[in-house]
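# Overview (structure and organization)
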Amino acid sequence: MSKALVGILMGSDSDLPVMRKAAEVFKELGVACEMDISSAHRLPDRTAEYARSAWERGIEVLICGAGMAAHLAGVVASHTTLPVIGVPLASGAIGGVDALYSTVQMPPGIPVATVAVDGAKNAAYLACSILSIKHPEIAEWLEQFRQNTREALLAKSTELQQQLGTGS
Ligand code: RP5
């Protein structure tokens, strides 16, 4: 896939180390994504334009990460009907609780699907689930990923039982 299906937006370059983890999931899957920095507070007009133009640019899901008084995901959601996933980030003095509340407490009608604080990876997996409705190859990848996760955990369980001498 060469045309970006997912837009990853973050409020500051200081958010990059966490938000990059979402891009890594898409890279592994071969889903093209775009990534940019824009702020609900420092670049409000540009942020609105980014959200308004996303649909016509072919974007199907948006992921927005921001810390502190994190209004990025909510503002983006207010300018598009595309699904918006919010990633509250743990920057600032109160460790991300501020960003969590700012992102998750949206008024009825303008939802943001909020993942855990610093949950960029889960934002990407949730985006894949949304994309899988239309893209069967992504559904297959997700199924394979979960199968791999099951097998890896079972292998670790077997290894632990062997170390403890309780394995069969
Ligand atoms: C938010 O403020 C950003 O998303 C970032 O998490 C936080 C701090 O930004 P910087 O001061 O590091 O640019 O808008």
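Not measured: the values here are computed from a predicted model.

## Quick look at the sheet that holds strand E5 (residues 113–114)
One open sheet holds the five strands; their spatial order is E2-E1-E3-E4-E5, and the pairing between them is parallel. A single partner strand is all that each edge strand has here, and the edge strands are strand E2 (33–37) and E5.

## Let's talk about the domain arrangement of the protein
A common measure of how large an interface is: the accessible area buried when the components associate. According to the domain assignment, the protein consists of domain 1 (6–131) and domain 2 (136–168). Each of domain 1 and domain 2 has a C-alpha centre, and these two points are 30 Å apart. Of the residues lining the interface, eight residues belong to domain 1; the matching set on domain 2 comes to four residues. Taken together, both faces of the contact between domain 1 and domain 2 bury some 600 Å²; the carbon and sulfur share is 81%. Sorting the residues of domain 1 by area buried against domain 2 places Leu29, Tyr125 and Cys128 first, and these three jointly supply 61% of that buried surface. If you look at where domain 1 meets domain 2, you find zero salt bridges. Joining domain 1 to domain 2, the criterion identifies zero residue pairs in polar contact (both at pLDDT 80 or more). Elements supplying a minimum of two residues to the side of domain 1 that touches domain 2: helix H1 (16–29) and helix H5 (120–132). With four residues, H5 is the largest single contributor of residues to the side of domain 1 that touches domain 2. Split by residue class, the side of domain 1 that touches domain 2 holds six nonpolar, one polar and one charged.

## Re the packing of H5 against helix H6 (residues 136–164)
Closest axis-to-axis distance for the H5/H6 pair is 7 Å, and the angle between their directions is 135°. Taken as axis vectors, H5 and H6 run oblique relative to one another. Considering the relative orientation of H5 and H6, their crossing is left-handed. Residue-level contacts link Tyr125, Cys128, Ser129, Leu131 and Ser132 of H5 to Pro136, Ile138, Ala139, Trp141, Leu142 and Phe145 of H6. Within the contact of H5 with H6, the residues separate by chemical class into nine nonpolar, two polar and no charged.

## Details of the site of the ligand
Near the ligand you find Gly11, Ser12, Ser14, Asp15, Arg42, Ala66, Gly67, Met68 and Ser91, and these make up its full shell. Ser14 places a polar side-chain atom, nitrogen or oxygen, 2.7 Å from an oxygen atom of the ligand. At 2.8 Å, a side-chain N or O of Arg42 approaches an oxygen atom of the ligand. Relative to its unbound accessible surface of 360 Å², the ligand loses 74% to contact with the protein. Taking a 2 Å distance to the grid points as the criterion, the majority of the atoms of the ligand fall inside the largest pocket. In terms of residue class, the shell around the ligand is built from two nonpolar, five polar and two charged.

## What about unusual backbone geometry?
Glycine aside, a negative phi is what most residues show, and trans is what most peptide bonds show. A positive phi is found at Met68, a non-glycine position, where the angle reads about 60°. Looking at the element boundaries, Met68 is found in the loop between strand E3 (61–67) and helix H3 (72–78). Residues other than glycine seldom take positive phi values, yet Asp118 does so here, at roughly 65°.

## A short note on H6
When the terminal C-alpha atoms of H6 are compared, their 42 Å separation across 29 residues agrees well with the 42 Å that a helix rising 1.5 Å per residue should span. Lining the buried residues of H6 we find H1 and H5. Positive phi shows up at Gly165, right after H6, with a value of about 75°.

Quick notes on the rules
- Residues numbered from 1 in each chain as written.
- Predicted model: local features only at pLDDT ≥ 70, side-chain atom pairs only at ≥ 80, totals over all residues.
- Heavy atoms only, no water.
- Pairing = 2+ DSSP bridges.
- Helix = DSSP H or I, 4+ residues; strand = E, 2+ residues; numbered from the N terminus.
- Domains from an automatic or database assignment.
- Contact = heavy atoms within 4.5 Å.
- Buried area = accessible area lost by both parts, 1.4 Å probe.
- Salt bridge = Lys/Arg side-chain N within 4 Å of Asp/Glu carboxyl O.
- Polar contact = N/O pair within 3.5 Å; in protein donor to acceptor, adjacent residues only side chain to side chain.
- Nonpolar A, V, L, I, M, F, W, Y, C, P; charged D, E, K, R; others polar.
- Axes fitted to C-alpha atoms, helices over the stretch in contact; angles between N-to-C directions.
- Parallel < 35°, antiparallel > 145°, perpendicular 65-115°, else oblique.
- Left-handed = near helix turned anticlockwise from the far one by under 90°.
- Near = heavy atom within 4 Å.
- Areas by Shrake-Rupley, 256 points an atom, 1.4 Å probe, with all protein chains shown as cover.
- 1 Å grid on protein atoms, 1.4 Å probe; cavity = no way out; pocket = protein on both sides within 12 Å on 5 of 7 lines; lining within 4 Å.
- Sits in = over half its atoms within 2 Å of the grid points.
- Expected span 1.5 Å × (residues − 1).

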